[in-house]
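Now for the letters of each chain:
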Amino acid sequence: MSFRKRNIGISSSTSSLPPSSLSSSPSTPSTLFQTTPATPPPVGIRPSPIDGRPTTSTGTPSLDSILAGHSGFALGTSILIEEEGTTDYAGALLKLYAAEGVVQGHVVHVVGVGEGWGRGLPGVVEGKVRGGGMEGEGGRGVGVAGEKMKIAWRYDRVGGGIGSERRTGSSVSADRTPPNMAEVSVPSTRQAEPAVFCHTFDLAKRLAFPVGTAINYIPIPSQTSPPFIFILQNITNYLSSTPPSTIHRLVVPTILSPALYPPSASHPHNILQFLHALRALLRSYSNRLTALLTLPLSLYPRSSGLVRWMELLSDGVLELTPFPYQLDSLSTSGAATTGEERPQGMLKIHRLPIFHEKGGGGGGSGGLGDDLAFTVSRRKFVIAKFSLPPVEGDEEAQRGAVGGEEEGRRQTKVDLEF
Amino acid sequence: MATSRIPPLLQPYTHLPTAGSLTLLTSVLGASTNWLVIRFLCDALRDRLPNDPQHDGAKPVHSELRGRSIDADGLESQEDDEVGLVLVSWMRDFEFWRTEARKVGGLDIPRLVRQKRLAFVDGLSLLFRPQTEPTSMKQQATLPDSHSSTHSGRPISFRTPNFPAQAGPPDPASLHQSFGLTSLSLQHVEDTISRAISQVKAPAPNCSLPKKIVLVLDSPDLLLAAAGSSPSQSPPHTTPSPVVTITAESMSAMIHHLRTQVHSTVISLAADAPLLSPPSPSLPLENDHSAFLVGMAHIADSIMSLRLLDTGFAADVSGVVSISKGYEEEDEYGSEGCRPDWERGAEKELLYHVGGDSVVKVFERGGAGGVG
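Residues numbered from 1 in each chain as written. Chains lettered and ligands numbered in written order. Predicted model: local features only at pLDDT ≥ 70, side-chain atom pairs only at ≥ 80, totals over all residues.

Asks: What's the story with the overall build of chain B in this structure? I'm lost.
Replies: Of the regular secondary structure elements, chain B holds 16 helices and 10 strands. Split into buried and exposed, the 372 residues of chain B put 40% on the buried side. Sequence-distant contacts, at least 24 apart, represent 73% of the contacts inside chain B between residues at least 6 apart. (Helix = DSSP H or I, 4+ residues; strand = E, 2+ residues; numbered from the N terminus. Buried ≥ 20, exposed ≤ 12 C-beta atoms within 10 Å, placed from the backbone. Contact = placed C-beta atoms within 7 Å.)

Encoded structure:
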């Protein structure tokens, strides 16, 4: 009986806050919750299992899970995603980040791109659709949710590794009503069900904007003025004019790209002063603002001092290195049937928000030392450990060799006939 | 208590440096010097509290004698002198240092600030924050409005002539009585830091001697990078503040001036490869940085450089700290050959690991991870 009672108590808690074991940490960010006991914490915010600082979701569960054990994007920090080549995989991460913000009712600021970009945000996968077991993931999630004991519920986010992040994301959303409806509604419905930290998105769908949300598109002013001052003023005005409980997300796609920014923007004194001011802004609104930036490495190589300073001024630095050619171009049909998608590239972690600021280097938590690869399918963005299954590789190699031989024979035949 | 948080192998190095010395800490991306700076803070400010009766009453005469004798050696300073610290941080805010110092060394930085044993100069919060311009404010100030249409996405503009400062968080400078840097001008930087030094230097009520000041500069190289030594290309009327030209020479000169006012100086700089050995058409950014860093390294009395493991990632090693001594220190130790290694702080290379709970272990290469 007592066990059942506790069950009820936990599942009907007003927020995603874990019990007092986590909030007892003395670190200051948790004062957000302590100083305002009457109002529930903002939607889409949960304390880090490590030190209780508030975190929000990047919209990509597997990205949340590699952020040094915080299993979320700590508020007041920024992440710079660098991408090699001409692809735009980082753009998918940006869109997921923005879409998660829209769904959670956060204020989303997008720099430099127009409203067309916002219309391309991915839509939320609704629970009932998801239940069918798309690519086996949803089905697994529902099964796990059914089996999971309630006492484990409070720990399931703790140290959520690479393997367990899907379960957290999809299982919660699987037994829910359409989340984009619920999240923007009045707080009374939030009390009825646990808030979703990270929604499951479908890159192939389009986001239906909940009523009352608007993305703040910050245009880059033309050559007449330094662009960054305008951007900073815009965000600062928003931050200071909105109530302290609103959460803001800053999205900066392909910073310094000449398609968007005037040439003077890439002068060190412009961009570095902007990033420094942004850092100051993030620190002074350390309970309200996160920022995600992408940088095209083909234009600004990492070997230059400017990029290194940009990295030093960002809290997190990730590098996407897409494979130069499609690995799975030979066996696209096979990949589709097995449900195992080939990674599109490697993901390198150069720096993580809180972890490296404290001084943690290579070792430690959260798959830092692992080879990570990312896979972008039509529907989702997944970061997973990179491994080449030897048996499969051998078979393919053999098959390729056989195919090559056959082709060679055919060619020689043709040659002969010719 | 606080000393136990400093790894034993590092204690000779984080110990209060000799008078006039310069300690250079270098970092790379992914191996930051913050934990090391915290250790310097803890060592400088550890249990020399003026209101510590046990400490004051223990052995005043003897300690003074001992202090003098050691000072005559020129190696260690008086243990019992008041030590003040001025922390100038261009990359991190007060909150970070407060949290970390409390976690690591049990230091209550706000209290130390109130006791005027520590002054914090904030080079982050206000340095490049846009100046609020009332004229442009009216056009740019917008509020998310629930009445704005959903598909247009553009909020209705909201007229507020004078809004920024009040609704924001309290001014960080007034919050913890610190000094804020608001301009890139080196004269301004130097004046502000000098004011902070003189505030801390004032003798404590129960002590006649002025305090020894340890000056800690966290990432002053940001000034060099963000100022840009080439004049701006953008139209001058649009820049909010006049473009300041900072060169490696002027930075070095400023640091030299500051060093004359304090007991010892600790500087942390970035030493990433792209900043030191840039590609062939090197830009002023890289040239200035490497010139500044190399110049500092030449005049430093000891250098502690952090880097990542060359061999990739390891679960129990965060990075390598290699400690080298300046030119003059070598000679001095040559005459002090009888001193044991651990006391004089020889040049060595150690491994370190920073745990998630900010506990740092330092150990010899090949040694067990649990030693430090």
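Asks: Quick question: what am I supposed to make of the nonpolar core here?
Replies: What tends to happen in soluble globular proteins is that the nonpolar side chains get buried as a cluster. Leu41, Val86 and Val216 of chain B are the most contacted members of the largest nonpolar core, which has 176 residues in total. Considering each element in turn, this core owes the most residues, 11 residues, to helix 5 (residues 89-104) of chain A. Among residues more than four places away in sequence, those in contact with Val86 of chain B are Ala119, Val121, Ile193, Ala196, Ile197, Val200, Ile213, Leu215 and Val216 of chain B. Counting residues in each nonpolar core, the second largest holds five residues, with Val43, Val196, Phe197 and Cys198 of chain A among its members. (Core = buried A, V, L, I, M, F, W, Y, C linked by C-beta atoms within 7 Å.)

Asks: Whenever I open this one, helix 5 of chain A confuses me. Can you help?
Replies: Helical geometry: 3.6 residues make up each α-helical turn, so side chains three or four residues apart lie on a common side. Residue and element names in this part refer to chain A. In a regular helix each residue adds 1.5 Å, so 16 residues correspond to 22 Å; helix 5 covers 23 Å between its end C-alpha atoms and thus fits that length. Most of helix 5 sits out of view: 15 of its 16 residues are buried. At the C-terminal side of helix 5, Gly105 shows a positive phi close to 80°. (Expected span 1.5 Å × (residues − 1).)

Asks: Would you explain the packing of helix 10 (residues 186-201) of chain B against helix 12 (residues 248-259) of chain B in this entry?
Replies: When two helices pack together, their arrangement is captured by the angle between the axes and the distance separating the axes. Residue and element names in this part refer to chain B. Viewed as axis vectors pointing N to C, helix 10 and helix 12 meet at an angle of 15°, and their least axial separation amounts to 10 Å. As the angle between them shows, helix 10 and helix 12 are arranged roughly parallel. As helix 10 runs across helix 12, the sense of the crossing is right-handed. From helix 10, Leu186, Val189, Glu190 and Ile193 reach across to helix 12, where they touch Ser250, Met254, His257 and Leu258. (Axes fitted to C-alpha atoms, helices over the stretch in contact; angles between N-to-C directions. Parallel < 35°, antiparallel > 145°, perpendicular 65-115°, else oblique. Left-handed = near helix turned anticlockwise from the far one by under 90°.)

Asks: Whenever I open this one, the sheet that holds strand 6 (residues 264-270) of chain B confuses me. Can you help?
Replies: The strands that make up a sheet pair up through hydrogen bonds in the backbone, lying either parallel or antiparallel. In space, the 10 strands of this open sheet follow the order 4-3-2-5-6-1-7-8-9-10 (chain B), with mixed pairing throughout. The two strands at the open ends of the sheet, each matched to only one other strand, are strand 4 (179-180) and strand 10 (360-364) of chain B. (Pairing = 2+ DSSP bridges.)

Asks: Would you take a moment to explain unusual backbone geometry for this structure?
Replies: Peptide bonds are, in most cases, trans, and in most cases residues other than glycine have a negative phi. Residues and elements named next belong to chain A. Even without being glycine, Thr254 reaches a positive phi, approximately 35°. Relative to the assigned elements, Thr254 resides in the loop between strand 9 (248-252) and helix 13 (268-284). Even without being a glycine, Leu256 presents a positive backbone phi close to 70°. Within the secondary structure, Leu256 sits in the loop between strand 9 and helix 13. On the basis of neighbour count, Leu256 is assigned to the buried category, with 20 C-beta atoms found within 10 Å.

Asks: Please explain the sheet that holds strand 14 (residues 381-385) of chain A as it appears in this structure.
Replies: Residues and elements named next belong to chain A. The mixed open sheet is built from nine strands, whose spatial order is 8-5-9-10-4-11-12-13-14. Pairing within the sheet leaves two strands with one partner each, and these edge strands are strand 8 (215-218) and strand 14. Each strand of the sheet is rotated relative to its neighbour by a mean of 25°, with strand direction disregarded.

So far we have only geometry, and geometry alone does not tell us how the molecule works.
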